[in-house]
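Single-letter residue listing:
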Amino acid sequence: MPDAVAGLDRDTSASELIEVNMHLIEQATQRLEELQRAGIVMPWIEGSGDAATAARTAQVSTLPPVHSTLPHGLPTTNLPRPSQIEPATQVTLDFAQLRQTGVLASEQDRTRITHQFRNIKLPLLVNARTKSDEPEHRRGLIMLTSALPNEGKTFCAINLAISMAMEVDTSVLLIDADLIRPSLFSRLGLKLGGPGLLDLLTREDLSLHETVVATNVPKLLLMTSGEKNRRSTELLVSASMDRLLARLAKDYANHLIIFDAPPLLLTTDSSALASKVGQVVVVVEANRTPRASILKAFASLRNCPIVFSILNKSGLSGDEKKHDYYY
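The model shown is predicted, which means the values in this text are computed figures rather than measured ones. (Residues numbered from 1 in each chain as written. Predicted model: local features only at pLDDT ≥ 70, side-chain atom pairs only at ≥ 80, totals over all residues. Heavy atoms only, no water.)

J.: So, the overall build of the chain: which residues are in play, and what are the values?
T.: The helix and strand inventory of the chain stands at 12 helices and 12 strands. Taken across its 327 residues, the chain has 56% of its residues classed as buried. In the chain, of all internal contacts separated by at least 6 residues, the share reaching a separation of at least 24 is 83%. When the accessible area of the chain is evaluated, it comes to approximately 14,500 Å², of which 50% is carbon and sulfur surface. (Helix = DSSP H or I, 4+ residues; strand = E, 2+ residues; numbered from the N terminus. Buried < 20%, exposed > 50% of the residue type's maximum accessible area, 1.4 Å probe, protein only. Contact = heavy atoms within 4.5 Å. Areas by Shrake-Rupley, 256 points an atom, 1.4 Å probe, with all protein chains shown as cover.)

Listed below in structure tokens is the structure:
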């Protein structure tokens, strides 16, 4: 079972910082209405994942309890979207197929994985909701990466995005920022096509609604990596990227923006993107990633304000570890 790994400057685990109470979905709806009438925001979450992380103590203490459940099926109803720009395209995620391929949790692993991803999201949400002096409130920009390939970063990005999107007051835009080997859409069983991140950086005439894709998960939006460009690293650190982040902050102000970025040691793209976001999550595969690679990866993030890590594939049998998309 995956273990929690603390933020770089804290030893306290998330489980020691906050206690999460489980409620039935039917009771949660009624309770939420009561709390809202009392002026209290009580988010609820449905998600899946397979890892855990820890938070910075001072910030986690300000987060109200989050009640988490993992349903037998994700809702597919269309709810009002906070953004003022309606996506031009909508896709349907096949949850049964995603569970079968290991992208989402199987029936027998729901409870365990829900608990793990609950720990992952809490500190990230605390930071995103805490006001800061950073431009365009960058803490709502979250990058997931790893030191090396096949450590589970895309799995974590997908499940974290779905998990956060199921909160009452949180919407998510999940962007495939692996500009060399994009895999987000294929992992989701979707065809890769249409303009995306790189196109927004090279085409001033392209509008956001042409690149953002709605899904049958309420409040979850997707964006492809776009057409490949050999100048990808330069584009990520360019003024065009700053302008794009400002556009996203304005038009999707109520969204968390999650970037599924490439491994840190294979390309400089992730380091370049890390300089623009407010939070970075590094996925590390237990008993596989060399210590030297881990240290080198974190050294490349030394200028990032908030860095967390996830220890993935911990305590699993040999057969379980064969399901790379799952763990």
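J.: Before we move on, can you summarise the confidence of the model for the chain with the specific residues and values?
T.: Averaged over all residues, the pLDDT of the chain equals 74, while 69% of them reach at least 70. Residue range residues 1-32 is modelled with pLDDT below 50. Its contacts to residues more than four positions away, or to other chains, number 71 contacts. Scored below 50 in pLDDT, residues 318-327 shows 26 contacts in the model against residues more than four places distant or in partner chains. (pLDDT = per-residue confidence, 0-100.)

J.: Could you give me a rundown of the packing of aromatic side chains, with the residues and numbers involved?
T.: On inspection of all chains with the given rule, the structure shows one aromatic pair. Relative to Phe155, the ring of Phe117 has its centre 6.4 Å away and its plane inclined at 65°; by these criteria the two rings are edge-to-face. Taken together, the residues Phe117 in helix H5 (residues 110-129) and Phe155 in helix H6 (residues 153-165) connect sequence positions 38 residues apart. (Phe/Tyr/Trp six-rings, centres within 6.5 Å; stacked < 30°, edge-to-face > 60°.)

J.: Residues and numbers for the nonpolar core, please.
T.: Counting 42 residues, the largest nonpolar core has Met164 and Ile258 as its most contacted members. Looking at this core, the element that brings in the most residues is H6, giving nine residues. Listed in part, the 40 residues of the second largest apolar core include Leu201, Leu206, Met223 and Ile257. (Core = buried A, V, L, I, M, F, W, Y, C linked by side-chain atoms within 4.5 Å.)

J.: Break down the environment of Pro290 for me, citing the residues and quoting the values.
T.: Its location among the elements puts Pro290 in the loop between strand E11 (279-285) and helix H12 (291-299). For Pro290 and Leu148, which are 142 residues apart along the polypeptide, the C-alpha to C-alpha distance reads 9.5 Å.

J.: Tell me about H5, and name the residues and values.
T.: A rise of 1.5 Å per residue sets the reference length of H5, with its 20 residues, at 28 Å; its end C-alpha atoms lie 27 Å apart and thus fit the reference within 8%. Extensive coverage of H5 is indicated by the burial of 17 of its 20 residues. (Expected span 1.5 Å × (residues − 1).)

J.: Any details on H12? Residues and values, ideally.
T.: All of the buried residues in H12 are Ser293, Ala297 and Phe298. All buried residues of H12 fall inside an arc of 130° around its axis, so they share one side. H12 presents Arg291, Ala292 and Lys296 as exposed residues on the side facing more than 90 degrees away from its buried surface. Buried residues along H12 sit in contact with E11 and strand E12 (307-312). (Arc of directions from axis to C-beta.)

J.: Could you give an account of the packing of H5 against H6, naming the residues involved and the relevant values?
T.: In the contact formed by H5 and H6, the axes pass within 10 Å of each other and the chain directions differ by 70°. Considering their axes alone, H5 and H6 lie roughly perpendicular with respect to each other. Contact residues: Phe117, Ile120, Lys121, Leu124 and Leu125 in H5; Phe155, Cys156, Asn159, Leu160, Ser163 and Met164 in H6. For the contact of H5 with H6, the per-class residue count stands at eight nonpolar, two polar and one charged. (Axes fitted to C-alpha atoms, helices over the stretch in contact; angles between N-to-C directions. Parallel < 35°, antiparallel > 145°, perpendicular 65-115°, else oblique. Nonpolar A, V, L, I, M, F, W, Y, C, P; charged D, E, K, R; others polar.)

J.: Provide a residue-level description of the pattern of salt bridges, including the pertinent values.
T.: A full pass over the atoms with the stated rule returns 10 salt bridges. Arg129 serves as the salt-bridge partner of Asp169, at 3.3 Å between the closest nitrogen and oxygen. Here Arg129 lies in helix H5 and Asp169 lies in the loop between H6 and strand E7 (171-176), a separation of 40 residues in the sequence. Take Asp169: its relative accessible area is 40%, and that puts it in the partly exposed class. Owing to a relative accessible area of 34%, Arg129 belongs among the partly exposed residues under this scheme. Residue Lys153 is joined to Asp260 by a salt bridge in which the shortest nitrogen-to-oxygen separation is 3.0 Å. Of this pair, Lys153 sits in helix H6 while Asp260 sits in strand E10 (residues 255-260), placing them 107 residues apart in sequence. Of the residues examined, Lys153 reaches a relative accessible area of 9% and is grouped as buried. Given the relative accessible area of 0%, Asp260 is considered buried. (Salt bridge = Lys/Arg side-chain N within 4 Å of Asp/Glu carboxyl O.)

J.: Go over the pairing of strand E8 (residues 212-215) with me, naming the residues and quoting the values.
T.: Here E8 shows two buried faces, one formed by Val212 and Ala214 and the other by Val213 and Thr215. Here strand E5 (residues 89-91) pairs with E8 via three bridges, running parallel. In the strand pairing of E8, Val91 is matched with Thr215. As judged from the three bridges shared by E8 and strand E9 (residues 220-223), these two strands associate in the antiparallel manner. For Val212, the partnering residue across the bridge sits in E9 and is Met223. Between E8 and E9, which pair antiparallel in sequence order, lie four residues; one of them, Lys219, sits at a positive phi of approximately 70°. (Pairing = 2+ DSSP bridges.)

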